[in-house]
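Chain by chain, the residues run as shown.
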Amino acid sequence: MGSIRVLRTFSAVASEGSFAAAAARVALTQAAVGQQMRSLEGELRRPLFERQGKAVVLNDAGRALVPQVRRLLALYEQILAPGGAGAMAGTVNLGAVVSAVRPLIQATLALKAQHPALDLHVSAAKSIDLVERVQAGGLDAAIVVREPGVAHDLAWTALYAEPMVLLVPRKLEEANLRTILQRQSFIRFDPTQHTGRLVERTLKRLRVKPQEILELNALESIVDLVRSGLGVSVVPLLRGARWAQDAKLRVIEIPQAEERRIALVQRRDSATAEVVAALVKEL
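Residues numbered from 1 in each chain as written. Predicted model: local features only at pLDDT ≥ 70, side-chain atom pairs only at ≥ 80, totals over all residues. Heavy atoms only, no water.

Q: Looking at this structure, how should I read the pattern of salt bridges?
A: On inspection of all chains with the given rule, the structure shows 11 salt bridges. Put simply, Asp 140 and Arg 70 hold a salt bridge, and the shortest N to O gap is 3.4 Å. With Asp 140 in the loop between helix 6 (127–136) and strand 5 (141–145) and Arg 70 in helix 4 (residues 60–80), this residue pair connects regions lying 70 residues apart in the sequence. According to the relative accessible area criterion, Asp 140 is buried, its value standing at 6%. Ionic pairing is found between Arg 197 and Glu 147, a salt bridge with its closest N-O pair at 3.1 Å. Of the two residues, Arg 197 sits in helix 8 (residues 194–206) while Glu 147 sits in the loop between strand 5 and strand 6 (155–169), which places them 50 residues apart along the sequence. According to the relative accessible area criterion, Glu 147 is buried, its value standing at 18%. Sharing partners across several salt bridges, the network here consists of Arg 188, Glu 200 and Glu 212. (Salt bridge = Lys/Arg side-chain N within 4 Å of Asp/Glu carboxyl O. Helix = DSSP H or I, 4+ residues; strand = E, 2+ residues; numbered from the N terminus. Buried < 20%, exposed > 50% of the residue type's maximum accessible area, 1.4 Å probe, protein only.)

Q: What am I meant to see in the packing of helix 1 (residues 4–16) against helix 2 (residues 19–26) here?
A: Two quantities define a packed helix pair, namely the angle between the axes and the distance from one axis to the other. Direction vectors running N to C along helix 1 and helix 2 enclose 130 degrees, while the axes themselves pass 8 Å from each other. One way to sum up the angle between helix 1 and helix 2 is to call them oblique. Seen along the crossing, helix 1 lies across helix 2 with a hand that is right-handed. Residues Arg 5, Arg 8, Thr 9, Ala 12, Val 13, Ser 15 and Glu 16 of helix 1 touch helix 2, and the partners they reach there are Phe 19, Ala 21, Ala 22, Arg 25 and Val 26. (Axes fitted to C-alpha atoms, helices over the stretch in contact; angles between N-to-C directions. Parallel < 35°, antiparallel > 145°, perpendicular 65-115°, else oblique. Left-handed = near helix turned anticlockwise from the far one by under 90°. Contact = heavy atoms within 4.5 Å.)

Rendered as structure tokens:
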């Protein structure tokens, strides 16, 4: 097997998705990354990548190798860790939907303070993209919106639920839920996304057809528009959101509301299960 440096480079390529991005992460030139990967393929006597023009992606053999390599790297980092047998070490690649980035970063900082040898990376993306990256081995774990019937082959840990609420400008004095939805300009979350489908189910259950003026795929933008008095919206009550204390917003509860379920997803053969479990405790 190649050196630890080569294995770290391979892990970086798996995480970043390209030789160029991996090169920046491991402080090598792109050509050096390519040379190391060809050397690794030679030692293993099998191709690990599919080369499509200038693009290079992991093939089935490469994806299968990712958890094994990360397990070896984790063991090596454990040996080097100054904290002894109880210390955690190594590189862990994490992802989160935008609304969960802040609590995930807070959890990683708390864990890093306890285990200085841990190297934790966090990136944000849509749930569907994060799940695909976990499946492909590019991420060790991710906090995502749990959709029914998605990726049963992965390991899921339920974190919390966010009930759907009606968000309106504070200056709007009307209190009746159905009246507001029928009379006010409505800003809808993208109905092709899981959150948007929860919105649609909520509206159907309430038997209202709002006056839709805009459709967006960004909760933060929707909240800003409502805050500006440009409309109302049905959105999940984000964990940690301080909308109730916002001078320009008002939150109206929806009886028996639909819930957006947030979960942590990882591969069943994850080499970083111990670190991820510790992160869940911090969350």
